[in-house]
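These are the residues of each chain, in order.
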2 protein chains.
Amino acid sequence: MADARNILFVMADQLRFDFLGCTGHPTIRTPTIDALARRGVRFANTFVQGAVCGPSRASFYTGRYVTSHGASYNNYPHRADEWALGDYMRALGLRTALAGKTHMKPDLPGLQRLGLDPASGAGLLAAECGFEPWDRDDGLQRLAPFVPDTQYEAYLRARGYQGVNLWHEAANSVQRDDAADPSGWLMRNAAFPTIATEEDSETAYMTRRAMDFIEDAGDTPWCLHLSYIKPHWPYVAPAPYHAKYSDADVLPGNRGEGEGEPHPVVAAFRDHPESIEFRKDVCRNTVIPAYMGLIEQIDDHLARMIDFLDRRNQLDNTIIVVTSDHGDYLGDHGLGEKELYFEEALRIPLIIVDPSARAEATRGTTVEEMAEAIDLIPTLIDLVGGVPAYHRLEGQSLAPFIHGGTAQDWRPAVFAEHDYSLRHARPNLGLEPQQAKSWMVRTNRWKYVHHATFRPELYDLQTDPGEQQDLGADDGHARTRAELCQMLFSWMSERKSRVGMTDDQIRSSTGKAWERGYRFGIW
Amino acid sequence: MADARNILFVMADQLRFDFLGCTGHPTIRTPTIDALARRGVRFANTFVQGAVCGPSRASFYTGRYVTSHGASYNNYPHRADEWALGDYMRALGLRTALAGKTHMKPDLPGLQRLGLDPASGAGLLAAECGFEPWDRDDGLQRLAPFVPDTQYEAYLRARGYQGVNLWHEAANSVQRDDAADPSGWLMRNAAFPTIATEEDSETAYMTRRAMDFIEDAGDTPWCLHLSYIKPHWPYVAPAPYHAKYSDADVLPGNRGEGEGEPHPVVAAFRDHPESIEFRKDVCRNTVIPAYMGLIEQIDDHLARMIDFLDRRNQLDNTIIVVTSDHGDYLGDHGLGEKELYFEEALRIPLIIVDPSARAEATRGTTVEEMAEAIDLIPTLIDLVGGVPAYHRLEGQSLAPFIHGGTAQDWRPAVFAEHDYSLRHARPNLGLEPQQAKSWMVRTNRWKYVHHATFRPELYDLQTDPGEQQDLGADDGHARTRAELCQMLFSWMSERKSRVGMTDDQIRSSTGKAWERGYRFGIW
């Protein structure tokens, strides 16, 4: 198995780019991830295609922009014929599985139309966006109506926890001595430890399940998506991680008190309950320490995973990716949660460790060029020796950066989209579902947001890195806005919907109609 | 079966909008189609979404713009999970079948990925873009390598015709007394009758096959796509239709001698062989009479079909549509064939006859508002009592025009696209496959074409209805171009890729996260 190459694709959910040691947080302890950054390449300017779980993940998993895959919000169904990471990896001989969260929902009417069973065979893969669902857990168990236990909940039940919905009642509720509601949904409970022990927490359980998969794969090359639910809400951590940090670790927020009249869409998001709460110091000072504890917990489990791979002699033939699906405002810009386009939500950590000799020269380096989530699939295909299907894939392989090549003609901008039709902001703004959309282009200097119904937003990232001042209505910047709008127009026109034909197929068929017997136009 | 409603969806291939009696041609004889126009509504300004068979038909059959369905040129595979006319009609209880041409190619790797067999069941429907292939015949039998007989060729063989490829050697070759090549591919042969008799011609055969289907359907409501290959090339007609018209019937061309420096893309198409030949009078004077004969032949067979329906008492419960997939330059603008965006290629006839009492008031009327090919599916759904799935469908129901309603807020513009990556023009212009694209917006006044790589085109349809003068580089029209470009940008941003969620689903779920158990953002 000298050529065997495995991929461990680790995603933390809602992990902000700046909450790691290697990305500059002064007090968080993430030694394992920091060591991975020293062993691999860190892409310091990496952006998601949509700053909310569903669309961002769909872009990660399909390698395509949100407009192209169409799953533009959480629980928006995934088209049955969108090719996904697993399709590309299986074609290269890698068994591709999921341990954790994808947040993907199958297009059941679409599968039914094709006569496909979402529970088995090709239908299952289409329903699970290409992953063998080794242990899927979206961390979003509903309270009512009750749905059957996930594998994780069955585990908790076997471990003796009592309750109806153990994801909520054990893993995401807290130990309190008083009679107050212990639900982890209440952010005030972030200071308390979860009822489930650390060993029984989601992060610990899923790490073990990932190891189970790796053992199960044996000598078969594999691509495993270890997709942690945390540090995503509910913001509660098991002991001792609930108490590893305090309000002394909470950095001053990018609160934006001086931002003046906000854009109507930003204002509508500031009116959401999570934003109202996160604007309060008590909320930030309670939640952020727990959030940091959850990150440190993931880091500790990644240490175990790396030790596990090392003991199996798989560390030197396993590519490791550490990233996130989006950030978390945590009160910055007067906002809670994610969505919109501010850096706190849009920017993610991305570390790629290629154990091969080709990557020796770049170990520990940082790449400043802008990367996108959709770059991951072509990068991984490239690293394991395949040829990216660029008639479908809309990102670009980052392998040249990892192998020490130059980055000539690298992209001048990244793009993202936002569909907020399901949020309160939409009716509050008086919009119909088709109107609650926006699009962003970000260059090294500017961030421009085009709204379907409102004036644009514009931020000068050079003079205003905190994005405090919206120049979207500023007379002096009309030309800049027009240029950026033109970039967005070009980008829209370049979306790859011609997914059935490769450029090579087109090249080899061009002008061949006569040869193929279609002899039109001859007198 | 009082409520039974059938649909006869007739398409002629490459039939120009102005080659019918009812659309103003002074000498062509199309009494049946003209009578249908008097019985129904004629949409005088109807445009295709792409002026070439494959993408135009894919838009007709999916109800979506070319960018949205992605089958942007002939033989570009059709995505397996694009919903098609048959899917909508079957859901309303109509058996939906094809007699004739679709020009659609299945996405075989996509079907294979989903484990679907393109020869049966749901796989067959996905491979045939939703139609039960009662008798598919694309009229494009290849000369080599030889492929098995179509049903039509098997018929010709049974009728005693001799040859290897009977589509070519019998139906599309001509009777000549000399030793010259009799192939119908040679346009000079348009003056001669085909070897196949009229009875054995494609048009006659397919009309009978359509009647066979209607008999087979019995009391089941049906939607039949009777899709004639003609008057598409090879431009050869059976006797007596080969000699029904002469050069006296050939109207002066819109030859554009005074057009000056052409746009580079138009110039590249003028260098194609079919354009060079069609600029010669002898070509026009030979081909156009045969083209007109083929149209008259279709009209005669539609008369038989209508008589057939009448005898079966189905004329009063059958909606009849007569249209085309695009036009034919026939030398106009110095061009042969179709593609690009001039009216001769982009504009099509569209007649819709609704036999219901609701349509009494509009019989024989003409609608001047602009219609698009993608309007057909929502119109048909509407006419048979369904609810158009507007989260996927990008057209608008024309039923209000048919039922005498007003057309408030009707569309201000129509849109089309062109992918010429397979044509000689692409390498001749030095373009890569992803660059050979353009987009058009047409209002009542203007036609604007945005090219990926070249300056735009602009035509003033009011002062220059022949589109002789390209104002795409005219300094005086910069503002008009900017406004039209902005319309194109808005249109691009509105493409419906969120195909898994209806607007109603979004409305009923908006802001319901807490109710569904996701209690984020609570202190």
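In this text, all values refer to a predicted model and were calculated from it rather than measured experimentally. (Residues numbered from 1 in each chain as written. Chains lettered and ligands numbered in written order. Predicted model: local features only at pLDDT ≥ 70, side-chain atom pairs only at ≥ 80, totals over all residues. Heavy atoms only, no water.)

## Structural notes on the overall build of chain A
Right, on to step 1. Within chain A, the regular secondary structure consists of 18 helices and 13 strands.
Right, on to step 2. Relative to a compact globule of 523 residues, whose C-alpha radius of gyration would be 24 Å, chain A shows 23 Å and is just as compact.
Right, on to step 3. Out of the 523 residues belonging to chain A, those deemed buried represent 66%.
Right, on to step 4. Expressed as a percentage of contacts within chain A between residues at least 6 apart in sequence, the contacts between residues at least 24 apart total 71%.
Right, on to step 5. As presented, chain A carries roughly 17,500 Å² of accessible surface, and 51% of it is formed by carbon and sulfur atoms.
Right, on to step 6. Between the averaged position of the 54 positive side-chain charges in chain A and that of its 74 negative side-chain charges there is a distance of 4 Å. (Helix = DSSP H or I, 4+ residues; strand = E, 2+ residues; numbered from the N terminus. Rg over C-alpha atoms; globule rule 2.2 N^0.38 Å. Buried < 20%, exposed > 50% of the residue type's maximum accessible area, 1.4 Å probe, protein only. Contact = heavy atoms within 4.5 Å. Areas by Shrake-Rupley, 256 points an atom, 1.4 Å probe, with all protein chains shown as cover. Lys, Arg positive; Asp, Glu negative; His and termini not counted. Charge placed at Lys NZ, Arg CZ, Asp CG, Glu CD.)

## A closer look at helix H7 (residues 151-158) of chain B
An α-helix turns once every 3.6 residues. As a result, residues three or four positions apart point the same way.
All names here are of chain B.
Right, on to step 1. Burial in H7 covers these residues: Tyr152, Glu153, Tyr155 and Leu156. Angularly, the buried residues of H7 cover 155 degrees about the axis, an arc narrow enough to put them on a single face.
Right, on to step 2. Against strand E4 (132-136), helix H8 (166-171) and helix H9 (202-217) lie the buried residues of H7. (Arc of directions from axis to C-beta.)

## Re the packing of aromatic side chains
Right, on to step 1. Across all of its chains, the model carries 48 aromatic pairs over all chains by this definition.
Right, on to step 2. Consider the rings of phenylalanine 213 of chain A and tryptophan 222 of chain A, whose centres lie 6.4 Å apart with planes at 90 degrees: the pair is edge-to-face.
Right, on to step 3. Exposure remark for phenylalanine 213 of chain A: the relative accessible area of 0% places this residue in the buried category.
Right, on to step 4. Every member of this aromatic cluster is reached through a ring pair, and the members are Phe19, Tyr235, Phe278 and Tyr291 of chain A.
Right, on to step 5. Its guanidinium or amino end placed over the ring of tryptophan 83 of chain B, arginine 113 of chain A lies 5.6 Å from that ring's centre, counting from NZ or CZ.
Right, on to step 6. A cation over an aromatic ring shows up here: arginine 392 of chain A above the ring of tryptophan 83 of chain A, its NZ or CZ 3.9 Å from the ring centre. (Phe/Tyr/Trp six-rings, centres within 6.5 Å; stacked < 30°, edge-to-face > 60°. Lys NZ or Arg CZ within 6 Å of the ring centre and 35° of its normal.)

## Some points on the environment of alanine 217 of chain B
Residue and element names in this part refer to chain B.
Right, on to step 1. For alanine 217, the position within the fold is in helix H9.
Right, on to step 2. The class of alanine 217 is buried, set by a relative accessible area of 5%.
Right, on to step 3. Taking the C-alpha atoms as reference points, alanine 217 and leucine 94, separated by 123 residues in sequence, lie 9.7 Å from one another.
Right, on to step 4. Aside from chain neighbours lying at most four places away, what touches alanine 217 is Arg95 and Trp222.

## Describing the relation of the copies chain A and chain B
Note: a rotation about an axis with an accompanying shift along it relates these two copies of the chain.
Right, on to step 1. Once chain A has been moved 0.0 Å along the axis and rotated by 180 degrees, it coincides with chain B to within an RMSD of 0.0 Å. Between the two chains, the operation in question is that of a two-fold axis.
Right, on to step 2. Most of the interface of chain A is mirrored in chain B, where 100% of its interface residues again form contacts. (Least-squares fit on C-alpha atoms with pLDDT ≥ 70 in both.)

## Some points on the sheet that holds strand E11 (residues 437-442) of chain B
Residue and element names in this part refer to chain B.
Right, on to step 1. The four strands lie next to each other as E10-E11-E12-E13, forming an open sheet whose pairing is antiparallel. A single partner strand is all that each edge strand has here, and the edge strands are strand E10 (414-419) and strand E13 (457-460). Strand-to-strand twist in this sheet, taken as the mean axis angle between neighbours without regard to direction, amounts to 15 degrees.
Right, on to step 2. Two strands pair when backbone bridges link them, and strand E12 (residues 446-451) and E13 are joined in this way by four bridges, in the antiparallel orientation. When the bridges of E13 are listed, tyrosine 448 appears paired with leucine 458.
Right, on to step 3. Along the sheet, helix H17 (residues 478-493) makes contact with E10, E11, E12 and E13, crossing E12 at roughly 70 degrees. (Pairing = 2+ DSSP bridges. Axes fitted to C-alpha atoms, helices over the stretch in contact; angles between N-to-C directions.)

## Comments concerning the confidence of the model for chain A
Right, on to step 1. Within chain A, residue pLDDT values average 94, and 98% of them lie at 70 or more.
Right, on to step 2. Interface confidence for the predicted complex, given as ipTM, is 0.94, next to a pTM of 0.96. (pLDDT = per-residue confidence, 0-100.)

## Structural notes on the pairing of strand E2 (residues 41-47) of chain B
All names here are of chain B.
Right, on to step 1. With seven of seven residues buried, E2 is to be regarded as a mostly interior element.
Right, on to step 2. Across two bridges, the pairing between E2 and strand E8 (residues 350-353) is antiparallel. Looking across to E8, one finds that arginine 42 is bridged to isoleucine 351.
Right, on to step 3. Sheet topology places E2 next to strand E9 (residues 365-372); six bridges connect them, and they run parallel.

## Digging into the pattern of salt bridges
Right, on to step 1. Applying the stated rule across the entire model yields 89 salt bridges over all chains.
Right, on to step 2. Residue arginine 159 of chain B is joined to glutamate 199 of chain B by a salt bridge in which the shortest nitrogen-to-oxygen separation is 3.3 Å. With a gap of 40 residues between them, arginine 159 of chain B in the loop between H7 and H8 and glutamate 199 of chain B in the loop between H8 and H9 connect regions that are remote in the sequence.
Right, on to step 3. By relative accessible area, which is 43% here, glutamate 199 of chain B ends up partly exposed.
Right, on to step 4. The salt bridge partner of glutamate 339 of chain B is arginine 423 of chain B, with a shortest N-O separation of 2.5 Å. A residue pair is termed long-range when its members are at least 10 positions apart, and glutamate 339 of chain B in the loop between strand E6 (318-324) and helix H13 (343-346) and arginine 423 of chain B in the loop between E10 and helix H16 (425-428) qualify at 84 residues.
Right, on to step 5. Given a relative accessible area of 8%, arginine 423 of chain B falls into the buried group.
Right, on to step 6. Linked through salt bridges whose partners overlap, the residues forming this network are Arg64, Arg79, Asp81 and Glu82 of chain A together with Arg64, Arg79, Asp81 and Glu82 of chain B. (Salt bridge = Lys/Arg side-chain N within 4 Å of Asp/Glu carboxyl O.)

## Remarks on the environment of alanine 416 of chain B
All names here are of chain B.
Right, on to step 1. Mapping alanine 416 onto the fold places it in strand E10.
Right, on to step 2. Taking the C-alpha atoms as reference points, alanine 416 and tyrosine 341, separated by 75 residues in sequence, lie 7.8 Å from one another.
Right, on to step 3. In this structure, alanine 416 is in contact with Val48, Gln49, Gly50, Tyr341, Leu346, Trp439 and Met440, ignoring residues within four places of it in sequence.

## Overview of the sheet that holds strand E12 (residues 446-451) of chain A
All names here are of chain A.
Right, on to step 1. The strand order across the open sheet built from four strands is E10-E11-E12-E13, with neighbouring strands paired in antiparallel fashion. Edge positions in the sheet fall to strand E10 (414-419) and strand E13 (457-460), since each of these pairs with one other strand and no more. Neighbour-to-neighbour, the strand axes of the sheet open up by a mean angle of 15 degrees, direction not taken into account.
Right, on to step 2. Sheet topology note: the strand E11 (residues 437-442)/E12 ladder contains five bridges and is antiparallel. Note that in E12 the partner of serine 438 across the bridge is histidine 451.
Right, on to step 3. Taken strand by strand, helix H17 (residues 478-493) contacts E10, E11, E12 and E13, and its axis lies near 70 degrees from that of E12.

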